[in-house]
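Summary of the model geometry
Next come the chains, spelled out residue by residue.
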Amino acid sequence: MKEFFSISETAKIVGMTAETLRHYDRIGLVKPCKVDEWTGYRYYSQREIVLLNTVQALRRMDITLSEIKKILSYDDFGKIVSALKQAEKNADEKIAQLNYSKEKIRRARVYYESKLSKEQPSQTPFIKYFPKRVILLANTLKAPSLDNLWNYHRHFYSRLPENMKDDFSFEDMAGIYTQNGESRLFAVCTRYKQVDGLKILPQGEYLCANCTEENREQVIGTLVETAKSRYLTSPEFTVQLIVVSGILQWNYQAQVFISEKAAQ
């Protein structure tokens, strides 16, 4: 077995660059086992290769170089085990975050794939039947934004009492609920218990129209007036479901309740 490896050979073995190895040498993290006094060439043994692989694994867990240097300097097994347990915990948290992000990306991909096979939604009003829906209103959020829409579930879980969080789950769907001039962002519940902010959207026929942020108020006004004149009902609330239309872009489907039965 070869005893010593040049810096280029070592870099290839551990999947790093030669400059990275030079940097680790300069800061005293992992030093070569010997340096040729005439040429200045660095040489590494199997021991340094093991250390470099350990450094690389710890770096993937977002542990700083200064912290890694401290871990490598321990000569107490108890301290080493404690540090590696914390590194393992950090890795588990990072994996969970990556899996969550992957699932969000997967859902977005599936959504956009479904859009490829469908025509663009018409802005002409139409009637659609919906079963009963249970929604939870936000405490303060009145409209979607880039900040709150990407991870809006977090807001709704945070507004629940700690002992009720496990009693709730939500669809991957949000919207705006407006009643008496007050608007609140909402999430659609798939599991819930009675709590402040819970609303029931009755089953039945809804007069709907697709709209943008720019013409949303105008479209809702038209739907309300149509519900009054054509269907002889005065809507007590309006719903604007958020319809993702692109990366960080969305439109709406406005909905006005008109009847518990199918429209004639």
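So, here's what we can say about the structure. (Residues numbered from 1 in each chain as written. Predicted model: local features only at pLDDT ≥ 70, side-chain atom pairs only at ≥ 80, totals over all residues. Heavy atoms only, no water.)

Focus on helix α3 (residues 46-60)
In an α-helix there are 3.6 residues to a turn, and that puts residues three or four apart on one side. Here is the rule: Helix and strand assignments follow DSSP, with helices taken as H or I runs no shorter than four residues and strands as E runs no shorter than two, numbered in order from the N terminus. Helix span, expected: 1.5 Å multiplied by one less than the number of residues in the helix. Throughout this description, buried means an accessible area under 20% of the type-specific maximum (1.4 Å probe, protein chains only), exposed means over 50%, and partly exposed covers the range between.
The end-to-end C-alpha separation of α3 is 21 Å, in line with the 21 Å expected for 15 residues at 1.5 Å each. Those residues of α3 that fall on the buried side of the exposure criterion are Glu48, Ile49, Leu51, Leu52, Val55, Gln56 and Leu58. Aspartate 62 sits one or two residues past α3 and shows a positive phi near 65°.

As for the packing of aromatic side chains
What counts is decided by this rule: Pairs were defined over the aromatic rings of Phe, Tyr and Trp, the Trp ring being its six-membered one, requiring ring centres within 6.5 Å. Orientation was assigned from the angle between planes: stacked under 30 degrees, edge-to-face over 60, tilted for the rest.
Enumeration according to the criterion identifies seven aromatic pairs in this entry. Taken together, a centroid distance of 5.5 Å and an interplanar angle of 90° make the contact between phenylalanine 130 and tyrosine 206 edge-to-face. With phenylalanine 130 in strand β4 (residues 126-130) and tyrosine 206 in strand β9 (residues 204-211), the pair connects residues that are 76 residues apart, well separated along the chain. Neither residue differs from the other here; phenylalanine 130 and tyrosine 206 are each classed as buried.

Examining the packing of helix α1 (residues 7-14) against helix α2 (residues 18-26)
Note the following rule: To obtain each axis, a line is fitted to C-alpha atoms, and for helices this fit is confined to the stretch in contact; angles are then taken between N-to-C directions over 0 to 180 degrees. Between 65 and 115 degrees an angle is taken as roughly perpendicular, under 35 as roughly parallel, over 145 as roughly antiparallel, and anywhere else as oblique. Working rule for contacts: check all heavy atoms of both residues, and any pair within 4.5 Å makes them a contact. Side-chain classes follow a simple rule in which Ala, Val, Leu, Ile, Met, Phe, Trp, Tyr, Cys and Pro form the nonpolar group, Asp, Glu, Lys and Arg form the charged group, and the remainder, Gly included, forms the polar group.
Where α1 meets α2, the closest approach of the two axes is 8 Å, and the angle between their N-to-C directions is 105°. In terms of axis orientation, α1 runs roughly perpendicular to α2. Residues Ile7, Thr10 and Ala11 of α1 form the contact with α2, whose participating residues are Ala18, Leu21 and Arg22. Taken together, the residues that form the contact of α1 with α2 break down as four nonpolar, one polar and one charged.

Some details on the environment of proline 144
The residue proline 144 is located in the loop between β5 (133-137) and α6 (146-149) in this model. Note: C-alpha distance between proline 144 and serine 183 (39 residues apart in sequence) is 11 Å. Those residues in contact with proline 144 that lie beyond four places of it in its chain are Leu149, Ile176, Leu185, Ile242, Trp250 and Tyr252.

A few points about the pattern of salt bridges
Where charged atoms from two side chains of opposite charge come close, those side chains can pair. Short version of the rule: A pair is scored as a salt bridge if a Lys or Arg side-chain nitrogen falls within 4 Å of a carboxyl oxygen belonging to Asp or Glu.
One pass over the structure, following the stated rule, counts 10 salt bridges. With a closest N to O distance of 3.7 Å, aspartate 167 and lysine 193 form a salt bridge. Separated by 26 residues along the polypeptide, aspartate 167 in the loop between α7 (152-158) and β6 (169-179) and lysine 193 in the loop between β7 (182-191) and β8 (198-201) bring together distant segments of the chain. Looking at lysine 193, the relative accessible area reads 45%, which means it is partly exposed.

Section: the environment of alanine 11
Relative to the helices and strands, alanine 11 resides in helix α1. Considering only alpha carbons, one finds alanine 11 and glutamine 255, 244 residues apart in sequence, at a separation of 61 Å. Setting aside its immediate chain neighbours within four residues, alanine 11 contacts Met16, Thr17, Ala18 and Leu21.

Here's the deal with the packing of α3 against helix α4 (residues 65-73)
Rules: Here is the rule for handedness: rotate from the far helix to the near one, and if that takes an anticlockwise turn smaller than a right angle the crossing is left-handed, while a clockwise turn gives right-handed.
Where α3 contacts α4, the two axes come as close as 10 Å, and the packing angle between them is 135°. Between α3 and α4, the angle is such that the two are oblique. In terms of crossing hand, the pair formed by α3 and α4 is right-handed. On the side of α3, the interface is formed by Leu51, Thr54, Val55, Leu58 and Arg59, while α4 contributes Leu65, Ile68, Ile71 and Leu72.

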